[in-house]
Amino acid sequence: MTSHTPADTFPRQYARTLRYTVGAPRSFSVAPDGSRVVFLRSLPQPPAGGTPTGSDRANLLWTLDTATGEERIAADPAALLGGGEEDLSPAEKARRERSREGSAGIVGYALDGTGTLAAFALSGRLFTADLVTGTTTELPARGPLLDPRLSPDGSCVAYANTAGELRLTRTDGSGDRVLAEPDGPNVTWGQAEFIAQEEMDRDRGFWWSPEGDRLLVERADDSPVRRWWIADPANPDREPAEVPYPAAGTGNAEVGLWVLDMHGGRTEVVWDRAAFPYLGRVHWSKGGVPLLQVQSRDQRSQRILGLDVATGATEVLHAEEDAVWLELFGGVPAWTPDGKLVRISDEGGVRALVVGDHAVTGADLHVRSVVAVTEDEVFFSASGGAAETDPEPGWIAVGRISHDGKRLGWESSNGRPFTSVTSAVHGGGITVRATAEPDLPGTLVQVARDLPEGVVVDDVATIASYAETPVITARPVFRFAGERRIPAAVFLPTGYDRERDGLLPVLMDPYGGPHGQRVVQAHNPHLNSQWFADQGFAVVVADGRGTPGRGPAWEKSIAFDFAGATLDDQVEALQALAGEFPLDLDRVAIRGWSYGGYLSALAVLRRPDVFHAAVSGAPVTDWALYDTHYTERYLGDPAERPEVYEANSLSGYAAGLERPLMIIHGLADDNVVAAHTLRLSSALLAAGRPHTVLPLSGVTHMTPQEEVAENLLLLQVDFVKRALGA
C-alpha cells in the first residue's frame, strides 16, 4: 500500500480512491496451463513534490509469471492513447453504471483459450496484447465497441458495438465484418439487456463455442419497454435523455438466443419464452452440451436447458420450483469433465452445492457461488449456514470439495480459513484469492499452487497492491444481536472512554436489503461507519432478514413485506445491543443509500418512537417505479398485489412524519430515478410535514465526484447532530 497525501481528510481520500479500490489488483484470470496470472491494476501517481498516492484511476493490464513471481505490464492505456483522454460512449457509460464501475483505463479484458493473448476495449477502440512478447496491437473495428472476446484459438475477436451490431475482426488485422445487425429500431445483438446487467449479474451477451466455430448470441428488442425521460434541470438547454426502463408490472425487453457460425449460418434457439422469458445464465464448456438457465417472470420456476446447436432445440435437464422465489448464482449451472451437472439449490431449506443428483454440502454451510470445476473437485465460496455454530458473523471462505462430497478442504489465508474472501479464481492448478481481515487495511492477494493431496500452500507470490492506506482505522466489534441473532457490527469513537464520555448518540448505518451484506470480516468496508463514529456517535450496522449469507429462509422471510421485516430487525438489533454498548436510545438517527435510503426514511415514518432523525440517500419510495426483475421477485406483480405495493411504499406514511428527515438524490440517476424523492417530497408537503431535500445535479446512483462525496458526508453529520442535539 502507498501513503496518503498529508492534507487528506477521510471523506476526500475515500471518494478520490473509490473506497480504496484504486491501485488494488483486481479482475484475475489464470492461464489454463497455470503459467501466468493476468490482472488489472493502476499505477501509483506521484503528486508534484509529494509522496506517491493510489489516486490514478486508469487500470493497466498486468501479468504475473507463476514460476518466478515476476509482475510485468502487458498494456498501458496512456501509451496506447498517446497521453490523450478517454472518450466513452453513452452505452459504455451505462454499462459501467450498471456494474458500479468507477475506474478508468482498461476495465475488462478477455483471454484466448491458451491464456497467451488478451483483448480489451479502450476509448471505444479494440486492442490485443500478446502476454508472452508484451506487444500490443490495435485492430480494425467499427466502434464505439463493447465487450470484445477472443475466439479460443486467438484468430478472431467478436465484439458488440453501439450500433447494435455483433462484428468479427481477425487478430492478424486482415478484416472486420458484421455477423449480425439490427433488424429493428430497438434491436441489439451481443449485448446483455438492462435487466440482465442491473439485476441478474449477467453482463455478457455472446459466448464462443469451445471449438471457436460458432457463437451463441443474444438478440434483445427493447421495443416493449416503457420510455422514461431524465432531464438535467441545471442545464435546461440540454435535451432530456431517453431511457428504456422496465418498471414493475410493465414490459421487458424480448430476449432470444441464436447460434451463429462463421459463414453466415443462423439458427434460432427454441425454448418456451412465454413461460420463461428471463435468460439468466449461459454456459458452454469444452466437451459439454451448452447450458441455459431460464426463469419465469415471477421467478418461482426455472429450467436448466441443454442445447442442440445444430437444430436450436432445447431439452429440460433440471426443473426447479419454489413457492417464494428462486435465485441465480455465479458459476452455475456447469458441467464436470465427466458430464455431471453442477448447480446450487435451495432444496430442503439449505443452500447446497449439488453435483449430479447429490448435494455434496450440508446445513452447516451456506453456498454462495461456484468458483471453478476441475477434474476431481468443485471450488466454491460459502459462509455459515447455521449461525448458532459461528463464533462471529460475516465470514466468507473458499472451499474445495470432491465431486462425491467425501473430501472437503479450505483455501486458508495465513492459516485462517474463516475470514472474508472478496474474490477468487482457479485454473491450471493455481488459485488466486483476495482476502480481507478486520484488523488489516485493504486486501491480501495470494497466488497459490495446488498440491496433489488437496492442500494449498502460498508458494507462488503475493500480488502487490498500490491502494492508499486509509487515514483512519476501523474498529468493528462483531455480534449476533437479539433472539434472531442478527449479524451486527458496532463502532465507537476512537479513544472513547465510557466513564468519561458516557452514553453516545446512535447512528444506525444499514443497507438492510437483498444482496447487500454489510457485516463482513474485513476492514475497509467499515471505514465509512468508523468515520461517522469518530464524529461522536455509536454506529450500528445490522444485517437483518433479507440480507445474504444466512440461509434461504432468512433471505426469503421478507417476501411481500419489506416494510415490516427489514425495519423490525433494525429495531431488534438496536435494542439488544444497548444492553452491552453505550447506546443512548433517546438519541437515535439512521442513514442509508439506495435500499438503505428506503429503510432510513421508512424508520422515521413508521417508528418515530425509536428513530429520531434520518438521512435517506437515493431511496426507492414507490416500488411501482423500480424495475421488474428485482421488485416482482420480492413484492409480486403490482396488478395482482396492489395492496402489497401500497403497504411497502412510503408516500402513504407521509402524514406520520414527526422527525427530521433529509432526502438526497442524484438528478441523473437512471437506476433509482429522482421521481422517487420528488413523489415522497410532494406527499410530505401535502401533509404539511417539514423535511429537507438535497438534489445533486449531474450525479447518478453512484457519487464518484470527490468534492460532492466529501461534502455529502459533512452535511449528513451536521444534519444529524443538529437533529439529535448532539
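Refer to the preceding data block for the structure.
The rules behind these values
- Residues numbered from 1 in each chain as written.
- Predicted model: local features only at pLDDT ≥ 70, side-chain atom pairs only at ≥ 80, totals over all residues.
- Heavy atoms only, no water.
- Pairing = 2+ DSSP bridges.
- Helix = DSSP H or I, 4+ residues; strand = E, 2+ residues; numbered from the N terminus.
- Axes fitted to C-alpha atoms, helices over the stretch in contact; angles between N-to-C directions.
- 1 Å grid on protein atoms, 1.4 Å probe; cavity = no way out; pocket = protein on both sides within 12 Å on 5 of 7 lines; lining within 4 Å.
- Points joined across faces, edges and corners; volume = space filled by probe spheres on them.
- Nonpolar A, V, L, I, M, F, W, Y, C, P; charged D, E, K, R; others polar.
- Core = buried A, V, L, I, M, F, W, Y, C linked by side-chain atoms within 4.5 Å.
- Buried < 20%, exposed > 50% of the residue type's maximum accessible area, 1.4 Å probe, protein only.
- Contact = heavy atoms within 4.5 Å.
- Phe/Tyr/Trp six-rings, centres within 6.5 Å; stacked < 30°, edge-to-face > 60°.
- Salt bridge = Lys/Arg side-chain N within 4 Å of Asp/Glu carboxyl O.
- Expected span 1.5 Å × (residues − 1).

K.L.:
Help me understand the sheet that holds strand β31 (residues 397-402), please; the structure alone is not making it clear to me.
P.N.:
Backbone-to-backbone hydrogen bonds join strands into a sheet, with any given pair of strands oriented parallel or antiparallel. Strand order in the open sheet formed by four strands is β29-β30-β31-β32, and the pairing between neighbours is antiparallel. The open sheet terminates on both sides in strands that have one partner only, identified here as β29 (365-373) and β32 (408-410). When the angles between neighbouring strand axes are averaged without regard to direction, this sheet yields 30°. Across three bridges, β31 lies against β32 in antiparallel orientation.

K.L.:
Any chance you could explain empty space enclosed by the protein here in plain terms?
P.N.:
Rolled over the atoms, a probe as big as a water molecule pinpoints where empty space is left. According to the stated counting rule, one finds two cavities of 30 Å³ or more in the structure shown. Of the voids in this model, the largest cavity is the one considered here, and its volume is about 140 Å³. Lining the largest cavity are 18 residues; nearest its centre among them are G394, P487, Q517, G549 and R550. Split by residue class, the lining of the largest cavity holds eight nonpolar, six polar and four charged. What lines the second largest cavity is Q293, Q302, I304, E320, L326, E327, F329, V332, P333, R343, I344 and D346. Of all the secondary structure elements, the ones that give two or more residues to the lining of the second largest cavity are β23 (301-307) and β26 (341-345). For the lining of the second largest cavity, the class distribution of residues is six nonpolar, two polar and four charged.

K.L.:
So what exactly am I meant to see when it comes to the nonpolar core here?
P.N.:
Nonpolar side chains in soluble globular proteins tend to end up buried together. With 68 residues, the main nonpolar core has F562, F611 and W623 as its most contacted residues. Dropping the residues within four chain positions of it, W623 is found in contact with A248, F562, Y595, Y598, Y630, T631, L635, Y645, N648 and S649. In this structure, A474, A533, A589 and L724 belong to the second largest nonpolar core, which totals 30 residues.

K.L.:
Would you explain the packing of aromatic side chains in this entry?
P.N.:
For any two aromatic rings, the description comes down to two numbers: the centre-to-centre distance and the angle of the planes. Overall, the coordinates contain 25 aromatic pairs when judged by the stated rule. Note on F562 and W623: the rings are 4.8 Å apart at their centroids and 50° apart in plane angle, and the pair reads as tilted. Pair noted here: F562 is in helix α8 (residues 562-577) and W623 is in the loop between β42 (613-617) and α10 (628-635), with a separation of 61 residues, a long-range link. Taking relative accessible area as the criterion, F562 reaches 0% and is therefore assigned buried.

K.L.:
Looking at this structure, I do not really get the pairing of strand β11 (residues 156-161). What am I missing?
P.N.:
The two faces of a sheet get side chains in turn, since along a regular strand they alternate between them. Of all six residues making up β11, six are buried, and the element is well covered by its neighbours. In β11, alternate side chains face the same way, and those of C156, A158 and A160 on one face and V157, Y159 and N161 on the other are all buried. For strand β10 (residues 145-150) and β11, the ladder comprises four bridges, and the chain directions are antiparallel. In the strand pairing of β11, L145 is matched with N161. Linkage of β10 to β11, two consecutive antiparallel strands, is achieved through a turn of five residues, within which G154 is found at a positive phi near 75°. Where β11 and strand β12 (residues 166-170) come together, five bridges link them in antiparallel fashion. Bridge pairing links C156 to R170 in β12. Once β11 ends, the chain turns through four residues before running back antiparallel as β12, passing G164 with a positive phi of about 90°.

K.L.:
Teacher, can you tell me more about the pattern of salt bridges here?
P.N.:
Pairs can form between side chains of opposite charge once their charged atoms are near each other. Evaluation of the coordinates by the stated rule reveals 38 salt bridges. Of the charged contacts in the structure, one is a salt bridge between D176 and R167, with a shortest N-O distance of 3.0 Å. Classification of R167 by relative accessible area gives buried; the value is 4%. In this structure, R479 and E580 form a salt bridge, with 2.7 Å as the shortest nitrogen-oxygen distance. Taken together, the residues R479 in strand β37 (residues 477-481) and E580 in the loop between α8 and β41 (583-593) connect sequence positions 101 residues apart. By relative accessible area, which is 29% here, R479 ends up partly exposed. By relative accessible area, which is 40% here, E580 ends up partly exposed. Linked by salt bridges that have partners in common, D322, D346, R351, E555 and K556 make up one network.

K.L.:
What should I look at first to understand the pairing of strand β9 (residues 136-139) in this one?
P.N.:
In this sheet, β9 lies alongside strand β8 (residues 125-130) in antiparallel orientation, the contact comprising four bridges. Each residue of the ladder has a partner; that of A129, found in β9, is T136. Here β8 hands over to β9 after five residues, with G134 in that stretch at a positive phi of 85°.

K.L.:
Looking at this structure, how should I read helix α13 (residues 706-724)?
P.N.:
Side chains of residues three or four places apart in an α-helix project in the same direction, reflecting 3.6 residues per turn. The terminal C-alpha atoms of α13, which comprises 19 residues, lie 28 Å apart, in line with the 27 Å expected from a rise of 1.5 Å per residue. Of all the positions in α13, only E706, A709, E710, L712, L713, Q716, V717, F719, V720 and L724 are classed as buried.

Purely geometric numbers; function is a separate question.
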